[in-house]
Amino acid sequence: MRLFTTACVGLLGLAAAAQAQPKVAIVAAAATSATSNDYLDVQSKLNATGLFSQVDILHITTPVPTPQLGQLMPYDAIIVWSNQSFADSTALGNTLADYSDLGKGVVLSVFAITSTTANRFLTGRWKDQNYGIIVPEGGNTGGTHMLGSILVPDHPIMNNVNSLANNLSSRPTTTAINAGGVVVSEWSDGKILVATSTTHPRRVDLGLYPPSSDSGGSRWLSTTDGAILMANALVYASAGAGGSFPPSLVASLDSSLVVAGNDVVISAEVLPGTVPASTGITVTADLTVFGGSPTQALTLVSGNEYAYTLSIPALQPADTYNITLTVSDDQMRSTSGSVAMLVIPPPPPGYTYEIEPNESKTNATPATIDVGGGVYGITTGSSVLTDGSLITPDYFLLTLTPKPQLGIYRHTMTLETDGTAGHSATLRGHSQGSGGINLASDTATQTSVATTFPPRTNAWYGFGRAEQMFYRVIGSTSTTSPYRATLSTEEILPIDLGVGQELSAGQITISRFGHTNTIDLLVYDGNFEAFEDCVVDGAGTMIRTFPAGTYYLAVSNVNTCDERPFGPGSTTLTSPVLHFPGSVSNSSTVGVGNLSLQFDDGLNNFSVFAFKDIFFGVAWIKFVVVGGECPGDYNDDGVVDLGDLLDFLGDWNPNLGQSVTPGTNGDVNNDGVVDLADLLDFLADWNPNLGSTCS
């Protein structure tokens, strides 16, 4: 959805005068049924421009009879294309030639101008006397392309056509045109997009298949200006090359979704009329639905830009509202159209409202939240094709308020809506491969489901700091009501390995006990900081060297992760990881009856029973390591040997004479300077204890 950014909403291009807007028809063999979306999509988009008094559908797919001239004469212009066979392409070609000769407008489009299949292109007098502009039967070229060169600057058909993209849709292969033809604009690959004719001034050929991506995948993208282009072509064909054109406008809002009680800026970019040129232009908006004037004047800001700031009443009911704008000139010409705006209630206290655009990590809405608060917004999809539209996902950068003391906390975000359920949320992180973490990536580490209790709840663990998490919400076409996601937190007490079951410093093996379940293991120190590379995925066994201290171990089924890459002993290196440190997530809603572990320091072994009984759950075990503090054991591996001397010299020699953090880089005596005294102190401990084992 879009907030606080410009969004072109009105599809207003060329216009006929309000008192005599063209009446047009779709005359096509587009599908096997007159109610197909291939017809209805084009009809609805032409109607939405507000440029026509009537847009009818004449379905002429075989075996439907060819329309007679009398059926077409009530229309000022028609748009013709094929994707099925005409019942009689010769009879149709003769009728359209007669219709054109009587001063009516004909817009011809793909595939009627490109197909090589019999009865899908026009024959009869239309073909024989070259009423076509683009040489017909030249075949189709597919592939995705954009709006290219405009060869006739300021041509009215290109008015307000600022972007156009086709999604693998077909366009003419040939670039040849018949005598009298004029290429107005091209696709980005040089294929013809628009062509007119000096021989037949009310003729337009469009190298475009009229239905949009809203009716199927391989068509022009409905987020671009294909509807404006078709409407402009029909108005041009209705009036002829020398006709009079009234002023027109493109309407926009700085927010197509507004929270009641806030302001929204209504803007209009006006194109003055021609033949004769417009004078005395005014732009008004009908704001009666908001308690305002039916003819509220917009103020000229600069050039042809008009604007008005509307204050939405705080008690305005939630709904979609269409604001009608009208541009008029002293020549008694006017055009009206509407721009849509969705009004929703204010968010509850303690909730952060999304700020668009926020469809990626890069522009995620920041949200500092506490228990009972959360995030609030609206989305009807997951597409990233339209920056900040209603169909895009909503990203939040959550920052949790810190706890009074460090500990293990389970956080949940529960997604709810007052309307149709169907939203889904994910915790976002990075992908991982054998080469490490892909820091530029964005992937889900956990996805909410409807079968949890409460439904659509995400869960993760933190330690009471102001941890951060990327949280994304997507919707569907039915999720038109606002959603809210609410934070709850509970403190988790770890399983304590217990007094009398302390482990000795040095190499410790942590492994499965009494089961063969696939598990992940992650270790944190006594300050709840991630401990070294102690992350093992899938293997169920971790062998690491632990100095004396208190540790916390997270164990659950796959995939359990924090921000670290998986370390030695892992059976997979491709599971995703979290984006930020200080949190742990599990991706599985499945419980595990046995997560028991055995701890073995080489002298003693202790086992502890653990299990997972909640969705996205993680079991926590606290264990204590003692000893390992004997003099001379520089590398804390539990043995005083040559390795300690080499490790010490490896730190001491390159830092000799340097000021360092006390106790680091060879600073044995903790005075903050690496010097000869550190070497003497180390040797005084190391030499008499050489060969000792710490316990």
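The structure contained in this document is the topic of the report that follows. (Residues numbered from 1 in each chain as written. Predicted model: local features only at pLDDT ≥ 70, side-chain atom pairs only at ≥ 80, totals over all residues. Heavy atoms only, no water.)

Now for the overall build of the protein chain. Scanning the protein chain from terminus to terminus reveals 7 helices and 44 strands. Looking at the protein chain as a whole, 52% of its 695 residues qualify as buried. A separation of at least 24 residues holds for 71% of the contacts in the protein chain among residues at least 6 apart in sequence. Of the roughly 27,000 Å² of accessible surface on the protein chain, 53% is carried by carbon and sulfur atoms. Across the protein chain, the mean location of the 26 positive side-chain charges is 17 Å away from that of the 62 negative side-chain charges. (Helix = DSSP H or I, 4+ residues; strand = E, 2+ residues; numbered from the N terminus. Buried < 20%, exposed > 50% of the residue type's maximum accessible area, 1.4 Å probe, protein only. Contact = heavy atoms within 4.5 Å. Areas by Shrake-Rupley, 256 points an atom, 1.4 Å probe, with all protein chains shown as cover. Lys, Arg positive; Asp, Glu negative; His and termini not counted. Charge placed at Lys NZ, Arg CZ, Asp CG, Glu CD.)

As a further point, take the sheet that holds strand 37 (residues 541-546). If you walk across this open sheet you meet the 4 strands as 37-34-42-43, and the pairing is antiparallel. Edge positions in the sheet fall to strand 37 and strand 43 (605-608), since each has one partner strand and no second. Each adjacent strand pair in this sheet contributes to an overall mean axis angle of 20°, direction not counted. With 4 bridges connecting them, strand 42 (residues 597-600) and strand 43 associate as antiparallel partners. (Pairing = 2+ DSSP bridges. Axes fitted to C-alpha atoms, helices over the stretch in contact; angles between N-to-C directions.)

Take unusual backbone geometry next. Here the amide bond leading from glutamate 356 into proline 357 is cis, since omega sits at -5°, within 30 degrees of zero. Relative to the elements of secondary structure, proline 357 occurs in the loop between strand 22 (351-353) and strand 23 (365-369). In this structure, the amide linkage connecting valine 558 to the following residue, asparagine 559, adopts the cis form with an omega of 5°. Within the element layout of this structure, asparagine 559 appears in the loop between strand 38 (549-556) and strand 39 (560-561). Its identity as a non-glycine residue notwithstanding, asparagine 119 has a phi of 70°, on the positive side. For asparagine 119, the position within the fold is in the loop between strand 5 (105-109) and helix 4 (125-128). For glutamate 532, which is not glycine, the phi dihedral falls at a positive 45°.

Here helix 1 (residues 37-48) spans 16 Å end to end across 12 residues, near enough to the 16 Å set by a 1.5 Å rise per residue. Those residues of helix 1 not exposed but buried are Asp38, Tyr39, Asp41, Val42, Gln43, Lys45 and Leu46. Of the residues flanking the start of helix 1, the one acting as N-cap is serine 36, its side-chain oxygen 3.1 Å from the backbone nitrogen of aspartate 38. (Expected span 1.5 Å × (residues − 1). Polar contact = N/O pair within 3.5 Å; in protein donor to acceptor, adjacent residues only side chain to side chain.)

According to the stated counting rule, one finds 15 salt bridges in the structure shown. Among the salt bridges present, the one from glutamate 137 reaches lysine 127, with a minimum N-O distance of 2.7 Å. With glutamate 137 in the loop between helix 4 and strand 6 (140-141) and lysine 127 in helix 4, the pair connects residues that are 10 residues apart, well separated along the chain. Of the charged contacts in the structure, one is a salt bridge between arginine 333 and aspartate 329, with a shortest N-O distance of 3.0 Å. Of the two residues examined, arginine 333 and aspartate 329, each falls in the buried class. One salt-bridge network, held together by shared partners, links Asp41, Lys45 and Asp214. (Salt bridge = Lys/Arg side-chain N within 4 Å of Asp/Glu carboxyl O.)

An α-helix turns once every 3.6 residues. As a result, residues three or four positions apart point the same way. For helix 5 (residues 226-239), which comprises 14 residues, the first-to-last C-alpha distance of 20 Å matches the rise-based estimate of 20 Å (1.5 Å per residue) to within 8%. Burial within helix 5 is extensive, with 13 of its 14 residues counted as buried.

Bringing the packing of helix 6 (residues 642-655) against helix 7 (residues 676-689) into the picture now. It is the contact of helix 6 with helix 7, at a shortest axis distance of 12 Å, that shows an interaxial angle of 175°. Comparing the axis directions of helix 6 and helix 7 gives the class roughly antiparallel. Between helix 6 and helix 7, the contacting residues are Leu642, Asp644, Leu645, Phe648, Leu649 and Trp652 on the first element and Leu676, Asp678, Leu679, Phe682, Leu683 and Trp686 on the second. When the residues that make up the contact of helix 6 with helix 7 are grouped by side-chain class, the tally is 10 nonpolar, no polar and 2 charged. (Parallel < 35°, antiparallel > 145°, perpendicular 65-115°, else oblique. Nonpolar A, V, L, I, M, F, W, Y, C, P; charged D, E, K, R; others polar.)

Counted by the stated rule, this structure contains 25 aromatic pairs. Considering the side-chain rings of phenylalanine 531 and tyrosine 551, the 5.2 Å spacing of their centres and the 65° angle between planes classify their relative orientation as edge-to-face. In this pair, phenylalanine 531 is assigned in strand 36 (residues 530-537) and tyrosine 551 in strand 38, connecting sequence segments 20 residues apart. Exposure class is identical for phenylalanine 531 and tyrosine 551. Each is buried. Relative to phenylalanine 682, the ring of phenylalanine 648 lies with its centre 4.4 Å away and its plane at 10°, an arrangement referred to as stacked. Taken together, the residues span a long stretch of sequence, with phenylalanine 648 in helix 6 and phenylalanine 682 in helix 7 at a distance of 34 residues. (Phe/Tyr/Trp six-rings, centres within 6.5 Å; stacked < 30°, edge-to-face > 60°.)

Time to look at the nonpolar core. Core analysis: the biggest nonpolar cluster contains 67 residues, and Phe52, Ile78, Val194, Leu206 and Leu229 have the highest contact counts within it. Residue contributions to this core peak at 10 residues, all from helix 5. Counting 34 residues, the second-largest nonpolar core is a separate cluster that includes Val375, Leu415, Tyr483 and Leu522. (Core = buried A, V, L, I, M, F, W, Y, C linked by side-chain atoms within 4.5 Å.)

Tracing the backbone through its elements, the reader meets serine 82 in strand 4 (residues 77-82). For serine 82, a relative accessible area of 0% corresponds to the buried category. For serine 82, the side chain forms a polar contact with the main-chain nitrogen of alanine 112, separated by 3.4 Å. Discounting chain neighbours no more than four positions away, the residues touching serine 82 are Ala29, Val110, Phe111, Ala112, Arg120 and Tyr209.

In this section: the packing of helix 1 against helix 5. Direction vectors running N to C along helix 1 and helix 5 enclose 75°, while the axes themselves pass 9 Å from each other. In this view, helix 1 runs roughly perpendicular relative to helix 5, as classed from their interaxial angle. Facing Val42, Lys45 and Leu46 of helix 1, the residues of helix 5 in contact are Ala227, Met230, Ala231 and Leu234. Across the contact of helix 1 with helix 5, the residue classes tally to 6 nonpolar, no polar and 1 charged.

Honestly, it's all geometry; don't read function into it.
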